[in-house]
Amino acid sequence: MSAVGTGSLRFSPHRVVVLASHAFLDAVRQRVFQFTTLLAAVLVVGSLGLRELDFGGAELKFVADFGHGALVLFGSVLTIVTTVQLLGGELENRTVLPVLARPVRRSEFICGKFFGAWAVVLVFCAAVTAVLLGALWLGAQALPPPLADAPQVPAAAVPYAGVLVGGALQGVKFGLLVAMVLLVGSYARSNLFAQATGFLVLVICHLQYLARDAWQTGHGWLERFGGGLIGLVFPNFQLFGGEYLTAGTDGAALALGGRVALYGLAYTAVFLALAVWSFRRREI
Amino acid sequence: MRLIPTGIRSLPALTRAGAMLGVLVAAGLALRPLEAPAWAAQVRQQPALEWRCLEGAMGQGFSLGLLGGFRALAADLLWLRANASWERNDLSGTQAALRLVGAVDPRPVAFWLNGARMIGYDLPYWRIEALGGEAALPATVVRHVHEEQARAAIAHLEKAFAHHPDHPLLHIEIANLLLQKLDDRSGAAERYRLASLQPTAPFYAARVHAELLRQLGRERDAYDWLVALHPTLPPERANPHAMADTVLARIRELEEKLALAPADRYQPGRE
């Protein structure tokens, strides 16, 4: 528990901002941020040269898919590693003690870590999305004009707006992942455990729809109960990377995007609240 | 946080874990109305990975790539695997790889089209060769193998409609299989008609439909079809792919064959 009694201390957004900015600066100095951002950007640009490897889709579609893949993969790694380092590092090195010895609530500490880690991941998302948009623009310049061998030739439209929507939704998803990893970190006794569990949670969330299927169509009560429990406890990460969101930016697609963002933010609030609750009860 | 009873702090860790689980289940139920419509829209446009099809068929690298979002790249690599099996005339390997490609990324139409061509046009020859060769087999057996593979190829293409409803190239590919492998002109004509109704169908789909009607002895239907088609085509000078002049020439041929009176004949530009 804190050396200073914080029972009468009111929750201060200002202290959260200070803690978040410190966490953000701490995280951007880490090599994992620089390494993943650089690697993702190089992969996105490199996908322009890998178009020869694409056999099924349009060239720009391949670049967009590849860039999105780089964003998802390296963003996930960055989110888990950064969050664990920000919280677990302080716990392992005992540097959390001088912080909590000041008039700082544990909820402020966790919220500060959350916003700091999320800000880092949002910077990553913005950078990779910007590089992807640039790569798509470059690729579009090199495309030959389409052959009009049909009454309506499907336009090789560059999905700029879709890429932006996709990048924003990945940012929301990573925020949710930060909150989930903070919940794990709030009771984990080692960084290794927190990281391993974080990646396990990531895989479960990506495959959550299988649990939902088992819930609805499973054989036997055990499969249905287990599927239902997993399907309700874990959010569905597949929702955030759907092609239905990035293929078009008409009203319906944007409304669905908004619905998915709301879903992610609501889950984030729940996981963050649980992380705060769990951390308040932790012996440090 | 104050909403959570303070007394729970003294309860064992298991109770706390249970409470967390309860909160998450309640959140899952509350957020279900947000999730369900979005998931339904997702499955309609981009089907979920069919993990049951992929189970055990791929290495950890592929699984990681798929979870990481490199679905298109994973499908491309599997397509390479399908082609490598195809070059070795490996029947089961080719079929398995084609199934995997469809399960990993059903979005590119080219995978479905080329996969169906392998199944319908190449695999029958491998099977016949494995049975002893065409010369050693009765003609009925050879024909049976060709027809069986053609039906398998059509079934493969039919699966693609779930992801590409009414895609004209899928209809055309089925039509070609019906025509060349199953000698079903009537079915092929219908498929070309369905293809030509799609706005992105190539111009030739409508012309081939009329030609198949003519071959079936339905000259009047072919004539009516071409007369309806011609005004919708751009002039030959504007778009040679549309072949408006060729369509007009075929209309004239059919008018001769049908012995239409000059007053009943088609006049371009006159509705």
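Residues numbered from 1 in each chain as written. Chains lettered and ligands numbered in written order. Predicted model: local features only at pLDDT ≥ 70, side-chain atom pairs only at ≥ 80, totals over all residues. Heavy atoms only, no water.

K.L.:
For this particular structure, what's the right way to read the overall build of chain A?
P.N.:
For chain A, the count of helices and strands is 11 helices and 0 strands. Walking chain A from its N terminus toward its C terminus, one meets helices and strands in the order α-α-α-α-α-α-α-α-α-α-α. The proportion of buried residues among the 284 residues of chain A is 53%. In chain A, the share of contacts with a sequence separation of at least 24, taken over all contacts with a separation of at least 6, comes to 81%. Of the roughly 12,200 Å² of accessible surface on chain A, a fraction of 69% belongs to carbon and sulfur atoms. (Helix = DSSP H or I, 4+ residues; strand = E, 2+ residues; numbered from the N terminus. Buried < 20%, exposed > 50% of the residue type's maximum accessible area, 1.4 Å probe, protein only. Contact = heavy atoms within 4.5 Å. Areas by Shrake-Rupley, 256 points an atom, 1.4 Å probe, with all protein chains shown as cover.)

K.L.:
Just to check I follow, could you spell out the pattern of salt bridges for this structure?
P.N.:
Oppositely charged side chains can pair when the atoms bearing their charge come close. All names here are of chain B. Across all of its chains, the model carries 17 salt bridges over all chains by this definition. The salt bridge involving D105 is made with R107; its shortest N-O contact spans 2.6 Å. Accessibility classification places D105 together with R107 in one group, the buried group. Taking the shortest distance from any N to any O, the salt bridge between R193 and E190 comes out at 2.9 Å. Taken together, the positions of R193 and E190, both in helix α9 (residues 185–196) and 3 residues apart, correspond to about one turn of that helix. (Salt bridge = Lys/Arg side-chain N within 4 Å of Asp/Glu carboxyl O.)

K.L.:
Can you walk me through the packing of aromatic side chains in this structure?
P.N.:
Two aromatic rings, taken as a pair, are described by how far apart their centres are and by the angle between their planes. Residue and element names in this part refer to chain A. Using the criterion set out here, one finds 10 aromatic pairs over all chains in the structure. Centre to centre, the rings of F114 and F115 are 4.9 Å apart; their planes meet at 75 degrees, and the pair counts as edge-to-face. According to the relative accessible area criterion, F114 is buried, its value standing at 2%. The class of F115 is partly exposed, set by a relative accessible area of 39%. Their ring planes at 85 degrees and their centres at 5.2 Å tell us that Y263 and Y267 sit as a pair that is edge-to-face. Here Y263 and its partner Y267 are both found in helix α11 (residues 251–280), 4 residues apart, which amounts to about one turn of the helix. We note that Y263, like Y267, is buried. Aromatic ring contacts, followed pair by pair, group F237, F240, Y263, Y267 and F271 into a single cluster. (Phe/Tyr/Trp six-rings, centres within 6.5 Å; stacked < 30°, edge-to-face > 60°.)

K.L.:
Sorry if this is basic, but what is going on with the domain arrangement of chain B here?
P.N.:
The extent of an interface is frequently quoted as the accessible surface area lost upon association of the parts. Residues and elements named next belong to chain B. Each assigned domain of chain B is listed here: domain 1 (106–202) and domain 2 (203–271). One C-alpha centre belongs to domain 1, the other to domain 2, and the line joining them spans 28 Å. In this assembly, 12 residues from domain 1 lie in contact with 10 residues from domain 2. The largest share of the area that domain 1 buries against domain 2 comes from R185, Y192 and P202, three residues that together contribute 52% of it. On inspection of domain 1 and its partner domain 2, the count reaches 0 salt bridges. Within the residue set of the side of domain 1 that touches domain 2, elements represented by two or more residues are α8 (168–180) and α9. Here the side of domain 1 that touches domain 2 gets 8 residues from one element, more than from any other, and that element is α9. Of the residues belonging to the side of domain 1 that touches domain 2, the class tally is 8 nonpolar, 2 polar and 2 charged. (Domains from an automatic or database assignment. Buried area = accessible area lost by both parts, 1.4 Å probe. Nonpolar A, V, L, I, M, F, W, Y, C, P; charged D, E, K, R; others polar.)

K.L.:
Explain the nonpolar core to me, please; I cannot follow it from the model alone.
P.N.:
Side chains that are nonpolar tend, in soluble globular proteins, to be buried together. Core analysis: the largest hydrophobic core is formed by 88 residues, its most contacted members being I110, F124, M180, L182, F237 and F271 of chain A. Residue contacts for M180 of chain A: discarding those within four places in its chain leaves V201, C205, F234, P235, F237 and F271 of chain A. (Core = buried A, V, L, I, M, F, W, Y, C linked by side-chain atoms within 4.5 Å.)

K.L.:
Can you walk me through the side chain of H68 of chain A in this structure?
P.N.:
Residue and element names in this part refer to chain A. Note that H68 resides in helix α3 (residues 59–92). On the basis of relative accessibility, which here comes to 19%, the residue H68 falls in the buried class. If sequence neighbours within four positions are ignored, H68 has contacts with L132, Q170 and G241.

K.L.:
Sorry, what's going on with helix α6 (residues 160–187) of chain A here?
P.N.:
Each α-helix winds once per 3.6 residues, and so residues spaced three or four apart point in a common direction. Spanning 28 residues, α6 of chain A covers 42 Å between terminal C-alpha atoms, matching the ideal 40 Å at 1.5 Å per step. With 23 of 28 residues buried, α6 of chain A lies mostly within the body of the structure. (Expected span 1.5 Å × (residues − 1).)

K.L.:
Would you mind going over unusual backbone geometry with me for this structure?
P.N.:
Most peptide bonds adopt trans geometry, and most residues besides glycine take a negative phi value. All names here are of chain B. At D166, a residue that is not glycine, the phi angle is positive and equals roughly 60 degrees. The backbone of A259 sits at a positive phi, close to 55 degrees, despite the residue not being glycine. Along the chain, A259 turns up in the segment after α12 (244–258). For A259, a relative accessible area of 61% corresponds to the exposed category.

K.L.:
Just to check I follow, could you spell out the side chain of S196 of chain B for this structure?
P.N.:
Residues and elements named next belong to chain B. Note that S196 resides in helix α9. Reaching out from S196, the side chain makes a polar contact with the backbone oxygen of R193 at a distance of 2.7 Å. Look past the residues within four positions of S196 in its chain and what remains in contact with it is A201, A205, A206 and W225. (Polar contact = N/O pair within 3.5 Å; in protein donor to acceptor, adjacent residues only side chain to side chain.)

K.L.:
Would you take a moment to explain the packing of helix α6 (residues 109–130) of chain B against α8 of chain B for this structure?
P.N.:
For any two helices packed against each other, one specifies the crossing angle of their axes together with the interaxial distance. Residue and element names in this part refer to chain B. Closest axis-to-axis distance for the α6/α8 pair is 10 Å, and the angle between their directions is 10 degrees. Taken together, α6 and α8 sit at an angle that is classed as roughly parallel. The residues of α8 that touch α6, namely those facing V109, W112, L113, R117, G120 and Y121, are L169, L170, E173, N176, L177 and Q180. (Axes fitted to C-alpha atoms, helices over the stretch in contact; angles between N-to-C directions. Parallel < 35°, antiparallel > 145°, perpendicular 65-115°, else oblique.)

K.L.:
Whenever I open this one, the confidence of the model for chain B confuses me. Can you help?
P.N.:
Interpretation of the predicted coordinates at a detailed level should be avoided for regions scoring low in pLDDT. Across chain B, the average pLDDT comes to 86, with 85% of residues at 70 or higher. Predicted complex metrics record ipTM = 0.83 and pTM = 0.76. (pLDDT = per-residue confidence, 0-100.)

K.L.:
Quick question: what am I supposed to make of the environment of F66 of chain A here?
P.N.:
One can find F66 of chain A in helix α3. Separated by 137 residues in sequence, F66 of chain A and V203 of chain A place their C-alpha atoms 20 Å apart. If near-sequence neighbours (up to four positions away) are discounted, F66 of chain A is found in contact with L43, S47 and L50 of chain A together with F70 and L73 of chain B.

K.L.:
Looking at this structure, how should I read the layout of surface pockets?
P.N.:
Regions of empty space are outlined by a rolling probe, equal in size to a water molecule, passed over the atoms. For the second largest pocket, the calculated volume is near 560 Å³. Surrounding the second largest pocket, 24 residues form its lining, L183, Y187 and S278 of chain A together with A17 and M20 of chain B being those nearest its centre. Among the secondary structure elements, those contributing two or more residues to the lining of the second largest pocket are α6, α7 (191–206), α9 (221–233) and α11 of chain A together with α1 (13–45) of chain B. Per element, the largest residue contribution to the lining of the second largest pocket is 6 residues, and it comes from α1 of chain B. Of the residues assigned to the lining of the second largest pocket, the class counts are 16 nonpolar, 3 polar and 5 charged. (1 Å grid on protein atoms, 1.4 Å probe; cavity = no way out; pocket = protein on both sides within 12 Å on 5 of 7 lines; lining within 4 Å. Points joined across faces, edges and corners; volume = space filled by probe spheres on them.)

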